[in-house]
Amino acid sequence: MAQAHDTTAHHASDPNVYFVPHGSRWPVFASVALFVAMLGFASWLNDASWGRATFLVGVAALAFILFKWFADVILESVSGYYNKQVDVSFRMGMVWFIFSEVMFFAAFFGALFYARQYALPWLGGAGDGVATNYLLWDGYSAAWPTAGPGEVGGTFQTIPAWGLPLLNTLILLTSGVTVTIAHHALKAGHRTQLLVSLGLTVLLGCLFLFFQVEEYVHAYRDLNLTLGSGIYGSTFFMLTGFHGLHVTLGTLMLAIIWLRCARGHFTKENHFAFEAVAWYWHFVDVVWLGLFLFVYVL
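If you check an unreviewed UniProt entry, the protein chain appears there as cytochrome-c oxidase from Luteimonas viscosa. Its UniProt record gives the protein chain a comment under Sequence similarities (unreviewed entry), which states: "Belongs to the cytochrome c oxidase subunit 3 family."

Details of the state of the cysteines
Within the structure shown, the criterion is met by zero disulfides. Distance from the sulfur of C206, which forms no disulfide, to the nearest cysteine sulfur (C261) is 16 Å. C206 gets classed as partly exposed once you look at its relative accessible area, which sits at 41%.

Thoughts on the packing of helix α7 (residues 191-222) against helix α8 (residues 230-262)
The geometry of α7 relative to α8 is characterised by a closest axis approach of 9 Å and an angle of 155° between their N-to-C directions. Taken together, the axes of α7 and α8 lie roughly antiparallel to each other. When the axes of α7 and α8 are compared, the crossing they make is left-handed. Looking at side-chain class alone, the contact of α7 with α8 contains 19 nonpolar, ten polar and two charged residues.

Focus on the domain arrangement of the protein chain
Each assigned domain of the protein chain is listed with its residue range as follows: domain 1 (21-81) and domain 2 (84-297). Taken over C-alpha atoms, the centre of domain 1 sits 25 Å from the centre of domain 2.

Let's talk about the UniProt feature "transmembrane region" (unreviewed entry) in the protein chain
Those places that UniProt annotates as "transmembrane region" (unreviewed entry) correspond, in this numbering, to residues 26-44, 50-71, 92-115, 162-182, 194-211, 231-259 and 279-297. The span residues 26-44 is 100% helical and 0% strand by assignment, and the distance between its end C-alpha atoms comes to 26 Å.

Observations concerning helix α4 (residues 84-123)
With 40 residues, α4 ought to run about 58 Å at 1.5 Å a step, and its terminal C-alpha atoms sit 57 Å apart, in line with that. What α4 keeps buried is the set V86, D87, M94, I98, E101, F105, L112, A115 and L120. Looking at the packing, one finds that the buried side of α4 touches α8 and α9 (272-297). Looking one or two residues beyond α4, the residue adopting positive phi is G125, at roughly 100°.

What to know about the packing of aromatic side chains
A full pass over the atoms with the stated rule returns 30 aromatic pairs. Aromatic pair F236 and Y296: ring centres 5.7 Å apart, planes at 80°, arrangement edge-to-face. Here Y296 lies in helix α9 and F236 lies in helix α8, a separation of 60 residues in the sequence. As far as the burial class goes, F236 and Y296 line up, both buried. Aromatic rings pair up to connect W144, F156, W162, F208, Y216, Y220, Y232, F236, F237, W288, F292 and Y296 into one cluster. Its guanidinium or amino end placed over the ring of W26, R25 lies 4.4 Å from that ring's centre, counting from NZ or CZ.

Observations concerning the pattern of salt bridges
A full pass over the atoms with the stated rule returns three salt bridges. Here R91 makes a salt bridge to D87, at a shortest N to O gap of 2.8 Å. Of this pair, R91 and D87 both sit in helix α4, separated by four residues, roughly a single helical turn. According to the relative accessible area criterion, D87 is buried, its value standing at 14%. When the shortest N-O distance is used, the salt bridge between R221 and D222 registers 3.4 Å. Through salt bridges with shared partners, one network takes in D87, R91 and E275.

Thresholds applied
Residues numbered from 1 in each chain as written. Predicted model: local features only at pLDDT ≥ 70, side-chain atom pairs only at ≥ 80, totals over all residues. Heavy atoms only, no water. UniProt positions renumbered as here; feature names shortened; annotations may be inferred. Disulfide = S-S within 2.5 Å. Buried < 20%, exposed > 50% of the residue type's maximum accessible area, 1.4 Å probe, protein only. Axes fitted to C-alpha atoms, helices over the stretch in contact; angles between N-to-C directions. Helix = DSSP H or I, 4+ residues; strand = E, 2+ residues; numbered from the N terminus. Parallel < 35°, antiparallel > 145°, perpendicular 65-115°, else oblique. Left-handed = near helix turned anticlockwise from the far one by under 90°. Nonpolar A, V, L, I, M, F, W, Y, C, P; charged D, E, K, R; others polar. Domains from an automatic or database assignment. Expected span 1.5 Å × (residues − 1). Contact = heavy atoms within 4.5 Å. Phe/Tyr/Trp six-rings, centres within 6.5 Å; stacked < 30°, edge-to-face > 60°. Lys NZ or Arg CZ within 6 Å of the ring centre and 35° of its normal. Salt bridge = Lys/Arg side-chain N within 4 Å of Asp/Glu carboxyl O.

Written out as structure tokens, the structure is:
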């Protein structure tokens, strides 16, 4: 066993050899846990008595598996198994992952654009929608925001852009600055500045999520703005909700990177894990700017 370990380490240090872990069980376990979670979620939506518990078990199992899986990857990294080729492949993988996230949000922004610029005017009788308005929704006046001609979910009020949304925008923009400062501190070898700036980024992410929850509570309790409030409620909560999920994941990743920085896992030259999370966080910032402009302001 020791000889095999030495051989693996020797091959990993060779710039012409790409390190490939052998016999990893985590992909199979993760697939099973994900299947259990999705089965439970689908059953929960269909009012099965065991659906919620199954979903929570699947999520807990997936979280544990991912924790152990990433722990193995971190161990491989600090053990010196990764060479320049592995680093390049990691960067390419992260670029494609962020691209897939861009397409994910583009779909929801596209739905918002289609509803506002095409579907709504047609329902109001514009262009070829005259017959639709006359025969189906006579008297409906197309105006945004709307719950649709059927007033699905009842009347509601929108959230003003210059309150909590503006505050959250300033928080996320500030967090983008602090994570950049932390990155420069890491490359300059300033450990204290690195930990302070990165810690501030984590705190700002938590603060953003706190105000996001406050906004949701206000929307449901006081404004009757819910996920069931027609097309506006659907697009509003799908866009802001999925963004909030991404902020949650980003904050969790930043916290893990902070712990790794505190333990001295990174060097000036070798810190791609930090860069990957910073890229992701900047992506989250950019998406929020689009949300603030097209969902809250316009």
